[in-house]
Amino acid sequence: MSRTAFDALSLTANGKINLNNLFWGYNGTPRLFEVEAVAGIGWGHDFMNSGYGWDNSYVTSRFGASFNFNRMFNKAVSNIATTIYKDYAFTEESASDIAKPGNMSLASSNVYYMGKIGIVDINFNTDWLWDKDFSKVNTLERYQEYGGDWQDKAVHTKTNTKNELFASKLTLTLPFWKGQLSFGGEYSNTNRNSSYDVQPMGLLDKQDNRIKEGMASVFCDYTRKFGQLRVLAGIRYENTDFNYYEEGKRIPEQSKRYGNLLPSLSLSLPVGKTQMQLSYGATIKRPSYYDMRSGIGYDNRYTYESGNPFLVSEISRNINYMVSYKWLMAEGIYTHVSDPIVMLTQSYKDNPNIALIQNVNWKPYNRIGASLSASPKFGIWHPSLRFHFFKQWFDMETHGGHGLDNPKITVRFDNTIDTKFCTISLLLTAQTKGDDETSYMYRNYFSSNLSIYKSFLKGKMVVFFYANDLLGTGNMHSKMYSGSMREIIHHDYSISEYSLTIRYRFNVAKKKYKGTSFLPH
């Protein structure tokens, strides 16, 4: 073990490339068989005290390949059929063929350190990510108004996006006042450039925007036991500086700087064989950069999409109580949601035939949840049964006067049979009608999934079979409300899918040392 301030350093760079697209180009339609190459190279250094050995520098590498079988090889091509009725009378119909060719480049690196100086544990990560994405959407539409002739219309869009992210995180942990204190900070800097062009000209405006965001945060939590009672208290403060540019010019109205304070508290107490926990915490959901884009995108002649640079983060504050006894567990949660991010559909420029889809922040609302689960074991059979109740109080005037406060119940029954030969799992899920924010599921739901797992050669070779929606019953029928003027009825019909994965690992030895990337997955 090292007695220096630094135990080890590592710097790695990884990349992945589709060999089929490299040599034969990408035409928007993934091939039936594709080969992807993965390569990485890095430098590592172990620090040793001179009395215990010598420093050691080494080169790390990673090489591999994946063979992809794309049965749904036309997934980059889609078709949309539309029929319009006005006052229950047919007025127009159309058919659209959509192709989406494109390509993407990506590079990333990670530097990390995990070690100890005296009584202080240190965990440090720095990440860099760069990616560039170019995509086209070629739409050929044929439409016919009632009593008229069929007409053709071709629309072509091009999108160029470039992202660069730098992020660092430092966590220090040490014993303090008969407990453990952990504190640190995070910093990230993001640059995103995006351009969007629509042909024919005049259909929609071109877009050329840029987002620069810097986010800094500090956090601290303290853990200590008072007899049988375990207390965890924490606090986190985030400050975000968001700047929005159009054609190189900063837009003050859409740029903002704001902070969020997120405290947390958890109390855990065992009483005999019963474990109880009461906790309070706050979570934050940030809008994506794509959702905060400006301008309007073209889907088809009836549907446009728009970003919203005025979006703010959604914050949920939760009070949770949990009690468990052996293989039984019950849990209840109350949540207050501020500035919820919901998707609304509105008429574009007062034209009821064109729907404009956009995310907005809505009024705050409350919701509750309660669950009861049992996970006993009977020899090789490991069943798990869970009941979950959910209810919200979401305030929105809707078409037809539907109130968005109907509860729903979910039942999940998992059955796992673990034998010496293989592991078999049958997963059953049922859900009643009910509301979730602006969506109302108006029919009950049931689905079943099956998996079979078998390993060979001391874990080096794994065979995994998975069947999704085995009985083909997982149809979902819902309505999405956008105020009193619009509702969308959505039918998501079941598709049974079967997959067989065979994996062989040439090196099953565990890595001596590995950092944790700060980048989101």
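Treat the numbers as computed from the prediction; the structure is a model and nothing was measured.

Peer 1: Pulling in residues and values, what's your account of the overall build of the chain?
Peer 2: Looking only at helices and strands, the chain features one helix and 31 strands. Across the 521 residues of the chain, 36% fall into the buried class. Counted over contacts in the chain with a minimum sequence separation of 6, partners at least 24 positions apart contribute 60%. Of the roughly 31,500 Å² of accessible surface on the chain, a fraction of 59% belongs to carbon and sulfur atoms.

Peer 1: Which residues make up the pattern of salt bridges, and what values go with them?
Peer 2: Across all of its chains, the model carries nine salt bridges by this definition. Close ionic contact of Lys 169 with Glu 186 constitutes a salt bridge, the shortest N to O distance being 3.6 Å. Pair noted here: Lys 169 is in strand S8 (residues 151–176) and Glu 186 is in strand S9 (residues 179–199), with a separation of 17 residues, a long-range link. With a closest N to O distance of 3.3 Å, Asp 395 and Lys 363 form a salt bridge. With Asp 395 in the loop between strand S22 (381–393) and strand S23 (408–418) and Lys 363 in the loop between strand S20 (351–361) and strand S21 (365–374), this pair connects stretches of sequence that are 32 residues apart. Connected via shared salt-bridge partners are Lys 169, Glu 186, Arg 236, Glu 238 and Arg 286.

Peer 1: Explain a positive patch on the surface to me, using residue names and the numbers behind them.
Peer 2: Together, Lys 132, Lys 162, Arg 210 and Lys 212 make up a region of like positive charge exposed at the surface. You can see Lys 162 is positioned in strand S8. Residue classification places Lys 162 among the partly exposed positions, given a relative accessible area of 39%.

Peer 1: Lay out the sheet that holds strand S26 (residues 439–441) with the relevant residues and their values.
Peer 2: An order of S25-S26-S29-S30 is seen for the four strands of this open sheet, with the pairing classed as antiparallel. Sheet topology places strand S25 (434–436) and strand S30 (487–492) at the edges, where each strand pairs with a single neighbour. Taken over all neighbouring pairs, the strand axes of this sheet differ in orientation by 25 degrees on average, direction set aside.

Peer 1: Describe the nonpolar core, and please don't skip the residues or the numbers.
Peer 2: Inside soluble globular proteins, nonpolar side chains tend to come together where they are buried. By size, the foremost hydrophobic cluster in this structure holds eleven residues: Val 337, Val 342, Leu 344, Val 360, Tyr 365, Phe 394, Met 396, Leu 404, Tyr 440, Tyr 442 and Tyr 481. Residues contacting Tyr 365, with those up to four places away along its chain left out, are Thr 335, His 336, Val 337, Pro 340, Gln 392, Trp 393, Phe 394 and Glu 437.

Peer 1: Residue-level account of the layout of surface pockets, with values.
Peer 2: By volume, the second largest pocket is sized at about 1,200 Å³. Lining the second largest pocket we find 26 residues, and of these Ile 84, Tyr 85, Pro 352, Arg 486 and Glu 487 sit closest to its centre. At the level of secondary structure, the elements contributing two or more residues to the lining of the second largest pocket comprise strand S4 (77–86), strand S5 (89–99), strand S19 (341–348), S20 and S30. Per-element tally for the lining of the second largest pocket: the top contributor is S4, with six residues.

Peer 1: Go over the packing of aromatic side chains with me, naming the residues and quoting the values.
Peer 2: Counted under the stated rule, the structure contains nine aromatic pairs. Relative to Phe 90, the ring of Tyr 85 has its centre 6.1 Å away and its plane inclined at 70 degrees; by these criteria the two rings are edge-to-face. Plain terms: the ring middles of Tyr 304 and Tyr 348 are 4.9 Å apart, the flat faces sit at 70 degrees to each other, and that makes the pair edge-to-face. One end of the pair, Tyr 304, is in strand S16 (residues 303–306); the other, Tyr 348, is in strand S19, and 44 residues separate them in sequence. The exposure classification of Tyr 304 matches that of Tyr 348, with both residues buried. Among the aromatic residues, those joined into a ring-pair cluster are Tyr 85, Phe 90 and Tyr 146. The ring of Phe 456 carries the charged tip of Lys 454 above its face, separated from the ring centre by 5.2 Å. The residue whose ring lies beneath Lys 479 is Tyr 442, and the NZ or CZ to ring-centre distance is 5.5 Å.

Peer 1: Pulling in residues and values, what's your account of unusual backbone geometry?
Peer 2: The omega torsion of the bond from Gln 199 to Pro 200 falls at 10 degrees, within 30 degrees of zero and hence cis. Here Pro 200 is to be found in the loop between S9 and strand S10 (207–226). A positive phi angle, near 50 degrees, is found at Lys 326, a position not held by glycine. Mapped onto the fold, Lys 326 is located in the loop between strand S17 (314–325) and strand S18 (328–338).

Calculation criteria
- Residues numbered from 1 in each chain as written.
- Predicted model: local features only at pLDDT ≥ 70, side-chain atom pairs only at ≥ 80, totals over all residues.
- Heavy atoms only, no water.
- Helix = DSSP H or I, 4+ residues; strand = E, 2+ residues; numbered from the N terminus.
- Buried < 20%, exposed > 50% of the residue type's maximum accessible area, 1.4 Å probe, protein only.
- Contact = heavy atoms within 4.5 Å.
- Areas by Shrake-Rupley, 256 points an atom, 1.4 Å probe, with all protein chains shown as cover.
- Salt bridge = Lys/Arg side-chain N within 4 Å of Asp/Glu carboxyl O.
- Patch = residues over 30% accessible without salt bridge, like charges linked within 9 Å, V, L, I, M, F, W, Y side chains within 5 Å.
- Lys, Arg positive; Asp, Glu negative; His and termini not counted.
- Charge placed at Lys NZ, Arg CZ, Asp CG, Glu CD.
- Pairing = 2+ DSSP bridges.
- Axes fitted to C-alpha atoms, helices over the stretch in contact; angles between N-to-C directions.
- Core = buried A, V, L, I, M, F, W, Y, C linked by side-chain atoms within 4.5 Å.
- 1 Å grid on protein atoms, 1.4 Å probe; cavity = no way out; pocket = protein on both sides within 12 Å on 5 of 7 lines; lining within 4 Å.
- Points joined across faces, edges and corners; volume = space filled by probe spheres on them.
- Phe/Tyr/Trp six-rings, centres within 6.5 Å; stacked < 30°, edge-to-face > 60°.
- Lys NZ or Arg CZ within 6 Å of the ring centre and 35° of its normal.

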